[in-house]
Amino acid sequence: MTGGPTTPAAIETRQLCKTFGAFVVTDTVDFRLEHGARHALIGPNGAGKTTFVNLVSGALAPTSGTISLNGADVTALSQAQRVKRGLIRTFQINQLFRKLTVLENVGLAVTERHGLAGNAWRPAGSNRAVLDEAFALLERVGLAADALRVIADLPYGRQRMTEIAVALGLNPKVLLLDEPAAGVPTGDVGLIIDLIEQLPADIAVMLIEHDMAIVFRVAKRITVLTEGRVLIEGTPADISQDPKVREVYLGERKPR
Amino acid sequence: MTSELSKTSPPASDATTTAAMDNFARAHRLSPLEALPWLAAVGAYFVFPDYLALGSQILATIIFALSVDLLIGYTGIVTLGHAALFGTGAYTAGLLAANGWGDPVSGLLIAALVSALVGFISGALILRTHGLTLLMQTLVVAALLYEVANKAGRYTGGGDGLQGMSVWPVFGQFRFDMLGKVAYIYCLAVLFVCWLAMRIVVHSAFGRSLMGIRENVARMHAIGTPVERRKLFAYTLSAGLAGISGALIAQTTSFVGLGVLSLERSGSILIMLIIGGVGQLYGAFIGVPLYMIAQDRFATIAPVYWYFWIGLFMVFLVLFARGGVLGILTRLTQRKRGAS
Amino acid sequence: MSDTPSIPQRSLALTNVNAGYGETVILNNLSLELQEGTTLAVLGRNGVGKTTLLSTCMGYTRLHNGTVSFLGQDIGAVAINRRSALGLALVPQEREIFKSLSVEENLVVGQRPGKWALQRVYDFFPSLHKRRRSRGDQLSGGEQQMLAVGRALLGNPTFLLLDEPLEGLAPVIVDQLLAGLQRLKTEENMTMMLVEQHAHLAMEFAERTIVLDRGAIVFDGPSAELAASPEKQAQLLGIGGSQGR
Amino acid sequence: MSEYLPALISIAFHGVTLAMVLYLISVGLSVTMGLMGFVNLAHGAFAMAGGYLASTLLSRFGLPFALAILLAVVVVMLVSIVLERLLYRRFYGGVELDQVLLTMGLIFISVGAATYIWGPLPQPMQIPPILQGGIEVLGRILPVYRVFLIVCGAVIVTLLWLALEKTRFGAQLRAAVDNLRMAETVGINTSRLFAFAFALGSGLAALGGALGAEVFAITPGYALEHLVYFLIVVAVGGLGSIRGPFFAALMVGIADTALKYYVPELGAFFIYLLTMAILLRYPRGLMGT
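Predicted model only: the values in this text are computed from it and were never measured.

1. Focus on the overall build of chain B
Secondary structure summary: chain B contains 16 helices and zero strands in total. Computed over the C-alpha atoms, the radius of gyration of chain B is 21 Å, within 12% of the 20 Å expected from 2.2 N^0.38 for a compact globule of 340 residues. With 340 residues in all, chain B has 54% of them scored as buried. Pairs at least 24 apart in sequence give 79% of the contacts found in chain B among residues at least 6 apart. When the accessible surface of chain B is summed, it comes to about 14700 Å², and 67% of that surface belongs to carbon and sulfur atoms. Once the 22 positive and 14 negative side-chain charges of chain B are each reduced to a mean point, those two points are 6 Å apart.

2. Thoughts on the overall build of chain A
Helix and strand counts for chain A stand at nine helices and ten strands. Relative to the globule expectation of 18 Å for 256 residues, the C-alpha radius of gyration of chain A, 19 Å, shows essentially globular dimensions. On the principal axes, the C-alpha backbone points of chain A span a range of 65 × 45 × 40 Å. Here the contacts in chain A between residues at least 6 apart in sequence split such that 65% fall between residues at least 24 apart. The centroid of the 28 positive side-chain charges in chain A is displaced by 2 Å from the centroid of its 27 negative side-chain charges.

3. A closer look at the interface of chain D and chain B
In many reports, interface size means the accessible area that the parts give up when they come together. Listed by partner, the interface residues are 43 residues for chain D and 41 residues for chain B. Between chain D and chain B, roughly 3800 Å² of surface is buried when both sides are summed, and carbon and sulfur atoms account for 85% of that area. Looking at the side of chain D facing chain B, the largest losses of area belong to Leu101(D), Phe108(D) and Met276(D), adding up to 19% of the total buried there. Taken together, chain D and chain B are joined by zero salt bridges. For the interface between chain D and chain B, the tally reads three residue pairs in polar contact (both at pLDDT 80 or more). For the side of chain D that touches chain B, the secondary structure elements donating two or more residues are α4 (96-118), α10 (227-237) and α12 (269-281) of chain D. Broken down by element, the residue count for the side of chain D that touches chain B peaks at 16 residues, all from α4(D). In terms of residue class, the side of chain D that touches chain B is built from 34 nonpolar, five polar and four charged.

4. Observations regarding the sheet that holds strand β1 (residues 10-21) of chain C
Taken together, four strands build an open sheet; the order of strands is β2-β1-β4-β5 (chain C) and the sheet is antiparallel. Where the open sheet ends on each side, the last strands, each with one partner, are β2 (24-35) and β5 (73-74) of chain C.

5. Topic: the nonpolar core
Among the nonpolar cores identified, the biggest contains 295 residues, and Leu53(C), Met193(C) and Ile232(D) are the most heavily contacted of them. When residues of this core are assigned to their parent elements, the largest contribution, 15 residues, is made by helix α4 (residues 52-75) of chain B. Among all residues touching Ile232(D), those that are not within four sequence positions of it are Met136(B), Val140(B), Gly237(D), Val252(D), Ile271(D), Tyr272(D) and Thr275(D). Counting 45 residues, the second-largest nonpolar core is a separate cluster that includes Leu153(C), Leu162(C), Phe205(C) and Leu237(C).

6. Re the sheet that holds strand β3 (residues 39-43) of chain C
Two strands in a sheet stick together by hydrogen bonds in their backbones, pointing the same way (parallel) or opposite ways (antiparallel). Residue and element names in this part refer to chain C. The mixed open sheet is built from six strands, whose spatial order is β6-β7-β8-β3-β9-β10. Two strands bound the open sheet, and with one partner strand each, they are β6 (88-91) and β10 (216-222). Strand-to-strand twist of the sheet, defined as the mean angle between neighbouring strand axes without regard to direction, takes the value 15°. Of the strand pairs in this sheet, strand β7 (residues 159-163) and strand β8 (residues 191-195) are connected by five bridges, and their pairing is parallel. Within β8, the residue paired with Phe159 across the bridge is Thr191. Running at roughly 175° to β6, helix α6 (residues 141-154) makes contact with β6 and β7 of the sheet. Packing against the sheet, helix α7 (residues 171-188) makes contact with β3, β7 and β8, and its axis sits at approximately 150° to β8.

7. Details of the arrangement of the chains
The smallest C-alpha distance separating chain B from chain C is 15 Å, and no contact links them. Here chain A and chain D are not in contact; the least distance found between their C-alpha atoms is 12 Å.

8. Regarding a nonpolar patch on the surface
A grouping of Phe298(B), Tyr305(B), Trp309(B), Leu312(B), Tyr116(D) and Ile117(D) is seen on the molecular surface, where their side chains present a nonpolar patch of about 630 Å² in accessible area. Among the elements that line the nonpolar patch, the one with the most residues is helix α15 (residues 303-320) of chain B, at three residues. Within the element layout of this structure, Phe298(B) appears in helix α14 (residues 283-301). Classification of Phe298(B) as partly exposed rests on a relative accessible area of 38%.

9. Observations concerning unusual backbone geometry
Both trends apply: most residues other than glycine have a negative phi, and most peptide bonds are in trans. We note that Leu281(B) has phi near 70°; this positive angle belongs to a residue other than glycine. Here Leu281(B) lies in the loop between α13 (263-276) and α14. Taking relative accessible area as the criterion, Leu281(B) reaches 3% and is therefore assigned buried. Even without glycine at this site, Asn156(C) takes up a positive phi of about 50°.

10. Some words on the confidence of the model for chain B
Detailed conclusions should not be drawn from predicted coordinates in areas where pLDDT is low. Residues and elements named next belong to chain B. Of all residues in chain B, 91% attain a pLDDT of 70 or more, and the chain-wide mean is 89. Taken as a whole, residues 1-13 scores under 50 in pLDDT and shows 16 contacts with residues more than four places along the chain or in a different chain. Interface scoring of the predicted complex returns ipTM 0.87; its pTM is 0.89.

11. Here we look at the pairing of strand β4 (residues 64-69) of chain A
Residue and element names in this part refer to chain A. Bridge analysis of strand β1 (residues 11-20) against β4 gives five bridges, and the strand direction is antiparallel. Bridged to Cys17 within β4 is Ser64. Where β4 and strand β5 (residues 72-73) come together, two bridges link them in antiparallel fashion. Considered in β5, the bridge of Ser68 is made with Asp73. Linking β4 back to β5 in an antiparallel pair, the connection comprises two residues, with Asn70 at a positive phi of about 50°.

12. Some words on the packing of helix α7 (residues 131-151) of chain B against α10(D)
Between α7(B) and α10(D), the shortest axis-to-axis distance is 11 Å and the interhelical angle comes to 135°. Considering the angle they form, α7(B) stands oblique to α10(D). Seen from above, α7(B) lies across α10(D) with left-handed handedness. Touching Met136(B), Leu139(B), Val140(B) and Ala143(B) of α7(B) are Val228(D), Leu231(D), Ile232(D) and Ala235(D), all from α10(D). Taken together, the residues that form the contact of α7(B) with α10(D) break down as eight nonpolar, no polar and no charged.

13. Things to note about α4(D)
All names here are of chain D. Here α4 spans 32 Å end to end across 23 residues, near enough to the 33 Å set by a 1.5 Å rise per residue. Of all the 23 residues making up α4, 18 are buried; the element is thus mostly covered by neighbouring parts of the structure. Among the residues trailing α4, Gly119 stands out with phi positive, at a value near 80°.

14. Here we look at the pattern of salt bridges
Close approach of charged atoms lets side chains of opposite charge pair. Throughout the structure, instances matching the rule amount to 37 salt bridges over all chains. Across the pair Glu12(A) and Arg32(A) runs a salt bridge, and its minimum N-O distance is 3.4 Å. Here Glu12(A) is found in strand β1, whereas its partner Arg32(A) is found in strand β2 (residues 23-33), with 20 residues between them in sequence. You can call Glu12(A) buried: its relative accessible area is 14%. Its relative accessible area of 26% is what places Arg32(A) among the partly exposed residues. One salt bridge connects Glu33(C) with Arg10(C), and the closest N-O pair in it is separated by 3.5 Å. You can see Glu33(C) sitting in strand β2 and its partner Arg10(C) sitting in strand β1, a full 23 residues away along the chain. We classify Glu33(C) as partly exposed; its relative accessible area is 38%. Taken together, the shared-partner salt bridges in this structure form one network comprising Glu12(A), Arg14(A), Arg32(A) and Glu34(A).

15. Brief notes about the side chain of Glu143(C)
Residues and elements named next belong to chain C. Note that Glu143 resides in helix α6. For Glu143, a relative accessible area of 16% translates into the label buried. Side-chain polar atoms of Glu143 contact the side chain of Arg131, separated by 3.1 Å. Residues in contact with Glu143, not counting those within four places in the same chain, are Leu128 and Arg131.

The rules behind each value
Residues numbered from 1 in each chain as written. Chains lettered and ligands numbered in written order. Predicted model: local features only at pLDDT ≥ 70, side-chain atom pairs only at ≥ 80, totals over all residues. Heavy atoms only, no water. Helix = DSSP H or I, 4+ residues; strand = E, 2+ residues; numbered from the N terminus. Rg over C-alpha atoms; globule rule 2.2 N^0.38 Å. Buried < 20%, exposed > 50% of the residue type's maximum accessible area, 1.4 Å probe, protein only. Contact = heavy atoms within 4.5 Å. Areas by Shrake-Rupley, 256 points an atom, 1.4 Å probe, with all protein chains shown as cover. Lys, Arg positive; Asp, Glu negative; His and termini not counted. Charge placed at Lys NZ, Arg CZ, Asp CG, Glu CD. Buried area = accessible area lost by both parts, 1.4 Å probe. Salt bridge = Lys/Arg side-chain N within 4 Å of Asp/Glu carboxyl O. Polar contact = N/O pair within 3.5 Å; in protein donor to acceptor, adjacent residues only side chain to side chain. Nonpolar A, V, L, I, M, F, W, Y, C, P; charged D, E, K, R; others polar. Pairing = 2+ DSSP bridges. Core = buried A, V, L, I, M, F, W, Y, C linked by side-chain atoms within 4.5 Å. Axes fitted to C-alpha atoms, helices over the stretch in contact; angles between N-to-C directions. Patch = residues over 30% accessible without salt bridge, like charges linked within 9 Å, V, L, I, M, F, W, Y side chains within 5 Å. pLDDT = per-residue confidence, 0-100. Parallel < 35°, antiparallel > 145°, perpendicular 65-115°, else oblique. Left-handed = near helix turned anticlockwise from the far one by under 90°. Expected span 1.5 Å × (residues − 1).

And the structure:
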C-alpha cells in the first residue's frame, strides 16, 4: 500500500468498452472517481452516460476493459456483489415500488443490506431494528412525514428523494446518481440539491446531470463524454471555459 | 451487522407513526377469516361423507395450486410446465409404493425431495431465460419428463399407468379405508402443514423480496438482491410443494398415470389458481374446489360440454374478472367501504 | 390552394399541456401556437423536454393535462398513424430507419398520394437514388438522415417535426441538409419545428425560437432577437453564465 | 452404402413432409408472437378447424378437393379476424398470464366444440383418387399424396416469401417488426396490419391442418396435443421471423422422423433435449431479432 505512487481510486475504469452489435456506446474510457469525490459526468444525449453507469454498477457487462473498486477488480462481479461492497446506483427514471410506502421501499433495501432478505422464516415486518433504521434515515433526509405514504401518491420531487434514500439505505461508499433531478419541477429542484450537498463527505459521488446549475453547485470535477469517449476532464472552471466543450456540448459554431 | 443496527438513532417518537409501524409489523398475524377454509374442510368431512374421495383430491390439488401461486403470483414466473414437478412427486411416491416401500409419510418426504431436486436442476438451467423463452422452457421440461415416463414403460407402465402400488397405513396405524376417511384426514393434515409453510414464506423477508422481483427486477438488482438465487430458491420450494401434491394423489388413489405429467395438468392447475385469484395465498383454496366440484358435476352429466364451458368461463374471467374470485370479493368490499 | 396570399391559418396549438412518460411529467403546463408556413427553433439544454415536446405532438407521450390541436382538430386522443394521415411527420433523433427494408422500401412503406412522389425525393436527395437498393442498416449517418427526411416527405405532410437532424453529421452534409430544409421552407411553405443543439444554425434557419427549461418555455420570440443578444444566450443556453449562481 | 440409401430417402422424404405441415401451421404463430407480443397457445385450433371444415365439405357436401380446402381456409380466416378484433387485440403486448389464460380458454372451447360436432374419433380426410397410390423413387415407393404435400408446401412457402419481399404489405409487416412506433409514425395502420397478419397466419394454419390431416390426425384434442411442437418450431426458429421457423421445422421434421425410425424407444425425447439446449444457447431462437 505504502509503496504505490497513487492510492487506489474509489472507482477506476481502464480501457472500458461496450458495443451493441456494430454500435460503440462506450469507447475505451479511462475514468477515476476519487474517494469522497463530487464528480459530474456530462455530455449530450446519446453520449453513453447511462450506459457508463450500467457498466460500472454491473447491470451491463463490458465488451472489454476493467472496472475496479478501491483497487480490487470487480469486472466479473455481479451487481449484487458490487452492492455488497458499497457501490450503489440510482435510476434516471424512478424504479420504486409504487404501491409500497416510502418506508417499505427503504426498508427493503435495509433488509437486503443486513443480509436478512434471504430469510424465509421470520415475518418481514417483525424486525423492528430494520424499520427503525429506515425511519431514522428518512428523518435525516427530510422524508419522515412521508414515511407511510404510498409512492404513487407522492409529488415527483419527493419520489426522486426516495430514490436517493433507498440508495442511502444500502450504506454506499460510492454513489452513482443518474440524473437525480430529471423531471423534477423547478420549484423542487432545491430539495434535491440540498439532499446531494448533505451527503456524508466520505461517500464518493458520481453525478450525471443535464442541469448545469446543479452540476456547478455540486461538482468539484467534471468529465465530459461524447459519443462514448472522454472528451475532457477538469475543474468546473476549466470545463466552462473550454471551447471544445462549448462546441460539442452546446452545439455552438461560428455563424458562417 | 449488529453494530450497523445499533448505530442508528432511537426509534420514531411520533405516536401515530409508532402505531402505524406496529400495524405494519403485525401484518403477518393471523386474521379470524383465515379459519374459514379449515372450518369448511372439517365441516365437509361430516356433511359429505360420500364425497371424501373427491375431497381428498381437492385438498391435495390445493397444495399444487399453492406451489404454482408461489411462482406465478409471488415471483412472477409464468410456468406452463409445472406438471413436471407434480408428476415427479407422483411417480416417486408411486414407484416407492410399487417396489416395496409403502410408508406414506416417508414416501411423501422423499417425493418432495426428489421433486425439489428436479426443480433445482431444471430451474438452474431454465431460469436464466425470460418471458416467452422461459415459458417455452417450462413446457419443454414437462414434455421431456412426459416422454421419459412414457418410454420407460418397464418401470412406469407407460400409457397404462403404474400398476401394483401398495400403500401402508399412515404411521403404521391408520389404514386407508374404502370410504376415504383416512385419506381425507391425511390430505387435510398435509395441506395444513404446507399452507403453514407457504404462509410463513410469503410473509417473510424472502417472500417480500420475491414480490419485489415480480414488481421491479431492476430495482432489486440495484439494492443488491441476488435475484437469480432467490428465483431458484423459490422454484425449488415450489417444486417440493408440487411434488408433495403429486405424491399425495398417487398415495390416496394408489395409481399414477401419464396424465400427471401432461400439459393438460399444467394448464388446468393454472386455471384453477386464476379462478381463485393469483398472489393472495387463498386463491388456491377457492379456485381448486370450485373447478373440481364443477368438473365432477358437469363431467359426469355431459363430459363433452365440460371443456367448452370451462373454456368459455376462462375467456369471461380474463375479459371481465381479472383477479379471480378473490379479486371480485376485494372489489365488492372496497366498493361497499367507498359507498359508506 | 388559391394563389392569393391567404390569412395564415393556425397549424399546431398546445394549450396548458402536461405530458410525459408513464407517471413522469416532463412538460409542465406548456402552451404554444404555430401558424401555417412558419418555422420554429426549439432550443434548450439537454434534458429539458425538447424531444418530449416533439413526441407529444406525434402522440408518443402520455398527455396528463391540456389539449393538443392540429389544423383546428383536437388530436390529443388521436392515434399516431392517424396524426401522420392528418399531415404531421417526424424525423426522429435516432433516425430510426427500418433496418431490414431497402432504401426505396423505407421511402414508400408509408407513402401517401400527393405532390411528393418517389422521384421527387430522389431529385431532392440524389445520393438516396444511388443507394436505393441498399438495406437501411448499410447507410452512412448522413444518408440515414436524408432517408429519414425523405421518408417523412413521402407521407406528404404539411408539418415537419425535426429532432436534431444535424447531429453527428459531417459539415458538408450539414450544409446539404440545411439547403434542402431551406428549400422546403421557401418553395413548399412547409411548417417546421426544429429541435437543435446547433443553436446558431437553428436560429439562422427559423424565424421564431423558443427556449425550454424544465419542461416550460422560458423564451419565445423572433430568432433574431435571441441571436443578437449574447447575454441572453449565455443566460438561457450557455454554461458559462450559470456558473456564478 | 446402398443398403442405407432407401432408408435415408425415406427419412428425408417423410421428414420434409412433416416439416412442411409444421411450417405452414406454425409460421402464423411466429408472427403473432414476434409482432404482437402475444402468446397464442390456441393457434393450433385454427389448424384443427381447417381440417374439420375441409373434411366435412368433402365428405358431406361432396365439394371438389381444392374448393373444399380453399373454402375451409377462407372461413377460418374470417373467424380469426372476428376473434382478433373481439378478443386478441385487447391483450397485445400485455400480461403474459392473461394471454395464456385467454388462449387456454379458447383451446378448451375448441376441444368441447369439436367433440360435440364431430365426436371424439379422428376425422377421415377423403383424398381424391388422383392423389392416391404411390410412385417409385430410387427403389422406394413413395405415396403420391405426400409428394403433392411437399410440392404444395414449397409453392406456398415461395409465394409467402415473395409476398413478404415484394409487396407493400410485406414491407409494412417487416417495418412493424423492426420498429413498431416508427411504423405508426410513417402512417402505417398497425392495428389493421395486425388483423391482416393474424388472418393470414390463421389461414396458413388452416391450410396446414387440412392438407396435413394424415400427418396430424384431426381430433378434438389437436390444439393441445401438438402445441409443444408448434411452439418449438417458433421458439427455435426465432419469434417474429418468417424464415427461421422454416429451418426449425425442417430440423424438427427430419430429426423426429429419423429418431422414430432408428430409436423409436426414445420417441421425442431428443427433440425436447435439443430444443432446451438451443434455447439456452440462443434464447431468441436461431433467427430471432
